[in-house]
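Chain residues, written in single-letter form:
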Amino acid sequence: MSLPPPLAQLADPASDSGFDAQRALRLAHDTFDIEAAAVLGLKQRTGDSFARAVEALLRVRGRVVIMGMGKSGHIGRKIAATLASTGTPAMFVHPAEASHGDLGMIKPIDLVLAISNGGESDEITVLLPVLKRLGAPLLAMTGNPNSTLARHADILLDSGVEKEACPLNLAPTASTTAQLALGDALAVAVLDARGFRTEDFARSHPGGALGRKLLTHLVDVMRSGEAVPRVLPDAAFTQLMREMTSKGLGASAIVDADNRVLGIFTDGDLRRLVENGADLRGKKARDVMHPGPRTIRNDALAAEAARLMEQYRITSVLVVDADDRLCGAINSNDLMRAKVI
């Protein structure tokens with residue numbers, strides 16, 4: 001079957017346009033090499049000033065305010081987002097907007113991180129005297145240590161590169177990659193110094209998969225009250241089956257008069273009894289239950305219930321309170337609906 005004309009042209013880009021596929025691949029490989037060299041080159045220039053920058057970020061009482069124009073501004077937004085998600089309050093302020101009122105967002109207790117490869121962006125340099133009077137520490141990330149921005153900075157981070165990946169050596173490519181890598185290095189060093197933990201990251205990402213796994217507690221997703229199937233040990237087998245069917249958990253707890261768990265009976269147990277030809281007439285719940293089932297405390301994370309199910313190859317877990325009384329139940333379907341698994 002032949003492709004429609006537009007797709008046929010895409011399938012063979014060199015057919016009419018003079019496109020040189022080999023040159024495109026060569027430029028791609030050159031770009032990877034140049035940008036990798038730019039990032040590795042940062043190692044030679046990352047020393048005492050970097051350590052001072054990390055210390056300043058740790059000590060800031062307000063927020064880290066990041067500024068940058070053009071492509072440096074895009075990198076600044078990403079750095080601000082990374083810092084904020086790893087325990088350092090940060091925001092991006094556009095330099096041009098700062099000159100028209102947004103400078104009021106910056107307080108003396110903040111720290112300003114200004115990013116400019118050339119260090120001479122008019123929108124940033126015009127703000128330097130105001131920032132100095134304000135008293136907010138100025139951290140500069142620039143590829144020009146002799147620039148106006150570098151001279152006014154309290155701390156200078158050299159993000160310079162030998163050349164851009166652009167064949168014209170004009171479009172910001174390697175320089176923005178170096179800025180991004182340097183910003184990530186700052187964030188990583190700061191979060192480590194803060195003792196930032198997986199749980200802290202999850203609190204900043206409650207909508208993500210990690211957040212759901214680490215922040216969702218059993219009490220948030222378990223079945224409770226009348227939704228939990230349970231019978232007394234002397235309950236008839238037919239009553240046990242009615243309880244299982246009506247509650248739809250695929251299992252039922254067997255509890256004593258104080259609501260403490262004695263055992264569990266599951267769909268799997270029923271299947272095995274039938275396969276073995278057991279006569280279930282006249283049986284009581286105590287006769288068919290599996291004693292000493294796996295239970296979990298109600299203050300546990302839902303992810304712990306998922307781990308328990310996986311470890312013991314079970315699909316349901318009974319939930320007990322601090323007094324070991326039955327207070328809930330959960331199965332794998334409940335965890336999937338909560339997107340914990």
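Structure: see above.
Residues numbered from 1 in each chain as written. Predicted model: local features only at pLDDT ≥ 70, side-chain atom pairs only at ≥ 80, totals over all residues. Heavy atoms only, no water.

### Topic: helix 14 (residues 267-275)
Point 1. Taken together, the buried positions of helix 14 are occupied by G268, D269 and L270.
Point 2. Packed against the buried residues of helix 14 are helix 13 (237-247), strand 8 (261-266) and strand 9 (290-291).
Point 3. A positive phi of about 75° marks G277, the residue just after helix 14. (Buried < 20%, exposed > 50% of the residue type's maximum accessible area, 1.4 Å probe, protein only. Helix = DSSP H or I, 4+ residues; strand = E, 2+ residues; numbered from the N terminus. Contact = heavy atoms within 4.5 Å.)

### Considerations on the packing of aromatic side chains
Point 1. Within this structure, the stated rule accounts for one aromatic pair.
Point 2. Ring plane angle 80° and centroid distance 5.9 Å describe the contact between F237 and F265, whose orientation is recorded as edge-to-face. With F237 in helix 13 and F265 in strand 8, the pair connects residues that are 28 residues apart, well separated along the chain. Neither residue differs from the other here; F237 and F265 are each classed as buried.
Point 3. The ring centre of Y312 lies 3.6 Å from the NZ or CZ of R294, which sits over that ring. (Phe/Tyr/Trp six-rings, centres within 6.5 Å; stacked < 30°, edge-to-face > 60°. Lys NZ or Arg CZ within 6 Å of the ring centre and 35° of its normal.)

### Observations regarding the pairing of strand 7 (residues 251-255)
Point 1. Among the five residues that make up strand 7, five are buried, leaving the element largely enclosed by the rest of the structure.
Point 2. Judged by which residues are buried, strand 7 turns out to be covered on both faces: A251, A253 and V255 on one side and S252 and I254 on the other are all buried.
Point 3. Two elements, strand 6 (residues 230-231) and strand 7, share two bridges in a ladder whose sense is parallel. When the sheet's bridge partners are listed, V231 is paired in strand 7 with I254.
Point 4. A crossover connection joins strand 6 to the parallel strand 7 through helix 13; in handedness this β-α-β unit is right-handed.
Point 5. The pairing of strand 7 with strand 8 spans five bridges and is classified as antiparallel. For I254, the partnering residue across the bridge sits in strand 8 and is G263.
Point 6. With antiparallel pairing between neighbouring strands as the criterion, strand 7 and strand 8 make up a hairpin whose turn holds five residues, including N259 at a positive phi of roughly 70°. (Pairing = 2+ DSSP bridges. Right-handed = clockwise from strand over helix to strand, strands pointing away.)

### Some remarks on the sheet that holds strand 10 (residues 295-297)
Point 1. Taken together, three strands build an open sheet; the order of strands is 10-11-12 and the sheet is mixed. The open sheet has two edge strands, strand 10 and strand 12 (326-331), and neither has a second partner. Going across the sheet, the axis of each strand differs from the next one's by a mean of 35°, ignoring polarity.
Point 2. Across five bridges, the pairing between strand 11 (residues 316-320) and strand 12 is antiparallel. Note that in strand 12 the partner of V317 across the bridge is I330. (Axes fitted to C-alpha atoms, helices over the stretch in contact; angles between N-to-C directions.)

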